[in-house]
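Next come the chains, spelled out residue by residue.
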Amino acid sequence: MNIPKHVAIIMDGNGRWATKRGLNRSMGHLEGSKTLEKIAVHAIDMGVKVLSVYAFSTDNFKRSEEEVNYLMNLFIKMFKTKLEKLNKKGIKVIISGRKNNLRADVIEAINNIEEKTKDNKNGILNICLNYGGQEEIIDGAIKLAQDINNGLDITNFKRADFYKYMYHELPPIDLLIRTGGELRVSNFMLYEMSYAEFYFTNTFFPDFDKSEFNKALFIYDDRNRRFGGLDAENI
């Protein structure tokens, strides 16, 4: 099977999963965090090198204070309690997004998990928190402008060169998965997904188990990626 090197997941449907069961939306986020741990380990075991997940967007601060605070506390708990299992699996954890608007204890938990897992080599879990794709491009452009002011020659600057100005220098996304039935990308990793294959499923993220992930891999394996070129039979 042709395993994608970089898989990205928009983890949608946590709140609706809970509401459908008569539960508080927070319970959906809790179940989603459990699913994320399982999927991260499974993806790396399957040969995926980088798994990027949309945990909290810059626009999610528009939600109720109660839900935002619950999510921030859940991130802290997850970064602390899931650290050992991810470490044992050799998974490096990185966080992408802006640090402003984040509480000091959230930033401390981020710094801790990144430091503790920085030397792991088996795969990367990239958690996008307080993240926006357009914001990442803006922040990258600002860093590039600073380098230009410091003498960087951009005469032969290529689109691949801009990856080093992202929050982390990661390979392009091969497969984008969105759970929960919505058919949009919601400002997620816009630069990195320029040639990604898309896979949408109605399954809410808490129910997105290993078999659902494998289904996405099988669909990807059946795709013909041409990157703007032509199939041999169409030339």
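For the structure itself, look to the data block above.
On a predicted model such as this, the values are computed, not experimentally measured, just so you know.

Peer 1: Please explain the sheet that holds strand β3 (residues 91–96) as it appears in this structure.
Peer 2: Ordered in space as β3-β4-β2-β1-β5-β6, the six strands form an open sheet in which the pairing is parallel. A strand with exactly one partner marks an edge of an open sheet, and here the two such strands are β3 and β6 (197–200). Neighbour-to-neighbour, the strand axes of the sheet open up by a mean angle of 20°, direction not taken into account. Sheet topology note: the β3/strand β4 (residues 123–131) ladder contains six bridges and is parallel. Paired with K92 across the two strands is I124, which belongs to β4. In the packing of helix α3 (residues 65–81) onto the sheet, the strands contacted are β2 (50–57), β3 and β4, and the crossing angle to β2 comes to about 150°. Here helix α5 (residues 104–117) sits on the sheet and contacts β3 and β4; the angle it forms with β3, its principal contact strand, is near 145°.

Peer 1: What's the story with unusual backbone geometry in this structure? I'm lost.
Peer 2: The general pattern is negative phi for most residues beyond glycine and trans for most peptide bonds. Not every positive phi belongs to a glycine, and N130 is a case in point at roughly 55°. Take N130: it is sitting in strand β4. Judged by relative accessible area, N130 falls into the buried class, the value being 2%. Although it is not a glycine, S186 sits at a positive phi angle of roughly 50°. Positionally, S186 belongs in the loop between β5 (175–178) and β6.

Peer 1: Just checking my understanding: could you explain the side chain of H29 for this structure?
Peer 2: Inspection of the secondary structure puts H29 in helix α2 (residues 25–45). Overall, the relative accessible area of 7% leaves H29 in the buried class. A distance of 2.8 Å separates a polar atom in the side chain of H29 from a polar atom in the side chain of E67.

Peer 1: Whenever I open this one, the pairing of strand β1 (residues 6–10) confuses me. Can you help?
Peer 2: The side chains of a regular strand alternate, residue by residue, between the two faces of the sheet. A large share of β1 lies buried, amounting to five of its five residues. Side-chain alternation along β1 places H6, A8 and I10 on one buried face and V7 and I9 on a second face that is also buried. Here β1 pairs with β2 via five bridges, running parallel. Among the inter-strand pairings, I10 is bridged to a residue of β2, identified as Y54. Note that β1 and β5 share four bridges and pair parallel. Each residue of the ladder has a partner; that of I9, found in β5, is I177.

Peer 1: For this particular structure, what's the right way to read the packing of aromatic side chains?
Peer 2: Centre distance and the angle of the planes are the two values used to describe a pair of aromatic rings. For the structure shown, the criterion picks out 14 aromatic pairs. Seen in terms of ring centroids, Y54 and F188 are 4.4 Å apart; in terms of plane orientation they differ by 15°. Their pairing is stacked. One end of the pair, Y54, is in strand β2; the other, F188, is in the loop between β5 and β6, with 134 residues separating them in the sequence. What makes F188 buried here is its relative accessible area of 0%. Note on Y163 and Y191: the rings are 5.3 Å apart at their centroids and 65° apart in plane angle, and the pair reads as edge-to-face. In this pair, Y163 sits in the loop between α6 (133–149) and β5 while Y191 sits in the loop between β5 and β6, placing the two residues 28 residues apart along the sequence. Connected via pairs of aromatic rings, a cluster forms that spans F157, F162, Y163, Y165 and Y191.

Peer 1: What's the story with the pattern of salt bridges in this structure? I'm lost.
Peer 2: A side chain of one charge can pair with a side chain of the opposite charge when the charged atoms of the two come close. Taken as a whole, this structure holds 17 salt bridges when the rule is applied. Where D12 meets R178, a salt bridge forms, and the shortest distance between an N and an O atom there is 2.9 Å. With a gap of 166 residues between them, D12 in the loop between β1 and α1 (14–20) and R178 in strand β5 connect regions that are remote in the sequence. R178 shares its class with D12; the two are buried. Where K85 meets E37, a salt bridge forms, and the shortest distance between an N and an O atom there is 4.0 Å. Of this pair, K85 sits in helix α4 (residues 83–88) while E37 sits in helix α2, and the two are 48 residues apart along the sequence. Given the relative accessible area of 41%, K85 is considered partly exposed.

Scoring rules and cut-offs
- Residues numbered from 1 in each chain as written.
- Predicted model: local features only at pLDDT ≥ 70, side-chain atom pairs only at ≥ 80, totals over all residues.
- Heavy atoms only, no water.
- Pairing = 2+ DSSP bridges.
- Helix = DSSP H or I, 4+ residues; strand = E, 2+ residues; numbered from the N terminus.
- Axes fitted to C-alpha atoms, helices over the stretch in contact; angles between N-to-C directions.
- Contact = heavy atoms within 4.5 Å.
- Buried < 20%, exposed > 50% of the residue type's maximum accessible area, 1.4 Å probe, protein only.
- Polar contact = N/O pair within 3.5 Å; in protein donor to acceptor, adjacent residues only side chain to side chain.
- Phe/Tyr/Trp six-rings, centres within 6.5 Å; stacked < 30°, edge-to-face > 60°.
- Salt bridge = Lys/Arg side-chain N within 4 Å of Asp/Glu carboxyl O.

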